[in-house]
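# Observations on the three-dimensional arrangement
These are the residues of each chain, in order.
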Amino acid sequence: MDKNKTNTTSKTNKYMDKVKQILSLIACFLMIMAASITRDGKWLRDNVIDSSTSNTADTRVVDDKTKVNAQNTITQLSDGTLVINTTDIGKDIIGYAGTVPVEIQVKDNHIQKIVALENTETPDFFEAASSILNSWDGLTLEEATAKDVDVVSGATFSSKAIISNVKEGLLYAQNTSINKSILSEFDASPKNIIALIVALMAAILPLFIKNKMYRTIQLALNVIVLGFWCGTFISYSSLLGYMSNGMNIMALTVPVVLLITAFIYPLFGKKSYYCTNVCPFGSLQELTGRTMKQKIKISSKTIKRLDTFRQYLWAVLMLCLWTGIWFDWVDYEPFSAFIIQSASWVVIAIAIIFTILSSVVMRPYCRFVCPTGTLFKISQSNK
């Protein structure tokens, strides 16, 4: 009888733990949703804040007598210039942190200029990606539509989004119907295929393989392929972008795999799986930690204080998002240092400091600072 009672209690406790975990995940979803609405005024592409009360101007002056709404797809200026705005037709095209609309100016069937409109991309990355904006200057609509423009290394997502917006705008201007299949959205480039393979390896193999040599290889692949080569990782910037603009699952297959390991795996008992087995910066810290056998001894009391600091830091940073006091802190997480060509020197410096420190302290950024990691811990009801 006592044994049956114990089994029943155990099952009840497991059930309650699972409910608590699901509620924690929902709470984190709502917290990020609130932050995305505060920052971008929208959730999953739908405007939540009335544009009439927004501080962002929604009109621009065309000439002394005319004003044109920024959402108009095609407008003709007084000098005959045709202006194509991709805000609406490109709303499904997502860069690194959100949509990347452009304005295409066409006169006498030739492109005069392409201008990037307001977006939420990381400024340093987008500045690098913007170098392709003049690639279509002087071309006819037909020539520009047929032209293949290479993405910018170090700003792959942003430059891909710019290219896609330009093509959508040009096709729209030519009244060309666009029939897309789901599979056509899949990025079949060798770079993305290799990144997907590495992400799937990190998501699946550690569940079955506990070999130290394999782990070393996987950590190195995470750093080299997901980190330095592809610049693919989960950060607050990417989470806010996905929450505001939604995700094209076929176009963002690698991030989808990473998100599953971060938020879904813990529901099946694999807590902190992303941080431990997938995250490029976590992998770099662990590999660096293996270079030094002697570690700084930290007392349990100090560890507890540092952990408390991490939680308070996260709370303050979330308040900065919810209140709109400081949105830009999301651009200073060290993950983006992998994209060396575009990362700011401040981010690179932060990444270097914590990487060096990880040689004598086990994963210092992950354990005592990381806001994204703290969100993961809270989502799995594990502070």
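Residues numbered from 1 in each chain as written. Predicted model: local features only at pLDDT ≥ 70, side-chain atom pairs only at ≥ 80, totals over all residues. Heavy atoms only, no water.

### Digging into the overall build of the protein
Going by this rule: Numbering of helices and strands starts at the N terminus; helices are DSSP runs of H or I of at least 4 residues and strands are runs of E of at least 2. Classification of residues uses two cut-offs on accessible area relative to the type maximum, computed with a 1.4 Å probe and protein chains only: under 20% is buried, over 50% is exposed, and between them is partly exposed. Residue contacts are defined here by distance: any two heavy atoms, one from each residue, within 4.5 Å place the two residues in contact. Computed with the Shrake-Rupley method and a 1.4 Å probe, the accessible areas treat only the protein chains shown as cover for residues.
If you tally the helices and strands in the protein, you get 14 helices and 8 strands. Burial statistics for the protein: of 383 residues in total, 45% are counted as buried. Counted over contacts in the protein with a minimum sequence separation of 6, partners at least 24 positions apart contribute 67%. Taken as a whole, the protein presents about 20,100 Å² of accessible surface, with 61% of it coming from carbon and sulfur.

### Let's talk about the sheet that holds strand S7 (residues 102–107)
Rules: Strand pairing is defined by DSSP finding a minimum of two bridges between the two strands. Axis definition: a line fitted to C-alpha atoms, over the contacting stretch in the case of helices. Angles run 0 to 180 degrees between N-to-C directions.
Spatial strand order, S5-S6-S7-S8: 4 strands in an open sheet with antiparallel pairing. Looking at strand neighbours, the two that pair on one side only are strand S5 (74–76) and strand S8 (110–116), the edges of this open sheet. Between one strand axis and the next, the sheet turns by 20 degrees as a mean value, whatever way the strands run. As defined by bridge partners, S5 adjoins strand S6 (residues 82–85) across 3 bridges and the pair is classed as antiparallel. Directly across from Ile74, in S6, lies its bridge partner Ile84. Those strands touched by helix H4 (residues 156–173) are S5, S6, S7 and S8, and its axis lies near 45 degrees from that of S7.

### What about the confidence of the model for the protein?
Interpretation of this model should avoid reading the predicted coordinates in detail wherever pLDDT is low. So the rule is basically this: The predictor's confidence in any single residue is recorded as pLDDT, a number from 0 to 100.
With 88% of its residues at a pLDDT of at least 70, the protein reaches an overall mean of 85. Low confidence marks residues 51–70, where pLDDT is under 50. Its contacts with residues over four positions away, or in another chain, come to 23 contacts.

### Digging into the pairing of S8
Looking at chain direction, S7 and S8 are connected through 6 bridges and run antiparallel. By the bridge assignment, Glu103 is partnered in S8 with Val115. Between S7 and S8, which pair antiparallel in sequence order, lie 2 residues; one of them, Asp108, sits at a positive phi of approximately 55 degrees.

### Some details on the layout of surface pockets
As a reminder, the rule being used: Whether a set of points on the 1 Å grid over the protein atoms alone is a cavity depends on a 1.4 Å probe fitting there but being unable to get out, while an open set qualifies as a pocket with protein on both sides within 12 Å along at least five of seven lines; lining residues are those with an atom within 4 Å of a point. Grid points are joined across faces, edges and corners, and a volume is the space filled by probe spheres set on the points. Under the scheme applied here, ten amino acids are nonpolar (Ala, Val, Leu, Ile, Met, Phe, Trp, Tyr, Cys and Pro), four are charged (Asp, Glu, Lys and Arg), and all others, including Gly, are polar.
Taken as a whole, the second largest pocket spans an internal volume of roughly 1,000 Å³. Where the lining of the second largest pocket is concerned, the elements lending two or more residues are H4, helix H5 (190–204) and helix H8 (253–264). Here the lining of the second largest pocket takes 9 residues from H4, the largest share from any one element. Partitioning the lining of the second largest pocket into residue classes produces 17 nonpolar, 9 polar and 10 charged.

### A short note on a nonpolar patch on the surface
Just so we agree on the cut-off: Note on patches: the residues involved have over 30% relative accessible area and no salt bridge, like charges join within 9 Å, and the nonpolar side chains Val, Leu, Ile, Met, Phe, Trp and Tyr join within 5 Å. Should a side-chain nitrogen of Lys or Arg be within 4 Å of a carboxyl oxygen of Asp or Glu, the pair is scored as a salt bridge.
A surface patch of nonpolar side chains, amounting to about 450 Å² of accessible area, comprises Ile22, Leu23, Ile26, Phe29 and Leu30. Structurally, Leu23 is set in helix H1 (residues 2–40).

### Things to note about the pattern of salt bridges
One pass over the full model with this rule turns up 6 salt bridges. Close ionic contact of Asp148 with Lys167 constitutes a salt bridge, the shortest N to O distance being 3.9 Å. Here Asp148 is found in the loop between helix H3 (141–146) and H4, whereas its partner Lys167 is found in helix H4, with 19 residues between them in sequence. A residue is classified by how much of its surface remains accessible, and Asp148, at 64% relative accessible area, is exposed. For Lys167, a relative accessible area of 28% translates into the label partly exposed.

### A word on the environment of Ile303
Position of Ile303 among the secondary structure elements: in helix H11 (residues 300–323). Its relative accessible area of 28% is what places Ile303 among the partly exposed residues. It is 8.3 Å that separates the C-alpha atoms of Ile303 and Phe368, two residues lying 65 residues apart in sequence. Excluding residues that lie within four positions of it along the chain, Ile303 makes contacts with Ile298, Arg367 and Phe368.

### Some thoughts on the environment of Thr75
Among the secondary structure elements, Thr75 is positioned in strand S5. When the C-alpha atoms of Thr75 and Gln105 are compared, they prove to be 9.6 Å apart, with 30 residues separating the residues in sequence.

### Some remarks on unusual backbone geometry
The backbone phi angle of Asp108 is positive, close to 55 degrees, even though this residue is not glycine. Structurally, Asp108 can be placed in the loop between S7 and S8. Taking relative accessible area as the criterion, Asp108 reaches 66% and is therefore assigned exposed. Positive phi is not limited to glycine here, since Asn109 has a value of about 65 degrees. By the secondary structure assignment, Asn109 is in the loop between S7 and S8.

### Quick look at empty space enclosed by the protein
Within the structure shown, the criterion is met by 4 cavities of 30 Å³ or more. Approximately 70 Å³ is the volume attributed to the largest cavity. If you go around the largest cavity, the residues you meet are Tyr96, Thr122, Phe125, Phe233, Ser235, Ser237, Val330, Asp331, Glu333, Phe335 and Ser336. There is about 50 Å³ of room inside the second largest cavity. Lining the second largest cavity, in full, are Gly95, Tyr96, Phe157, Gly231, Thr232, Phe233, Tyr242, Leu252 and Pro255.

### Considerations on the pairing of S7
Where S6 and S7 come together, 4 bridges link them in antiparallel fashion. Within S7, the position partnered with Asn85 by the bridge is Glu103.

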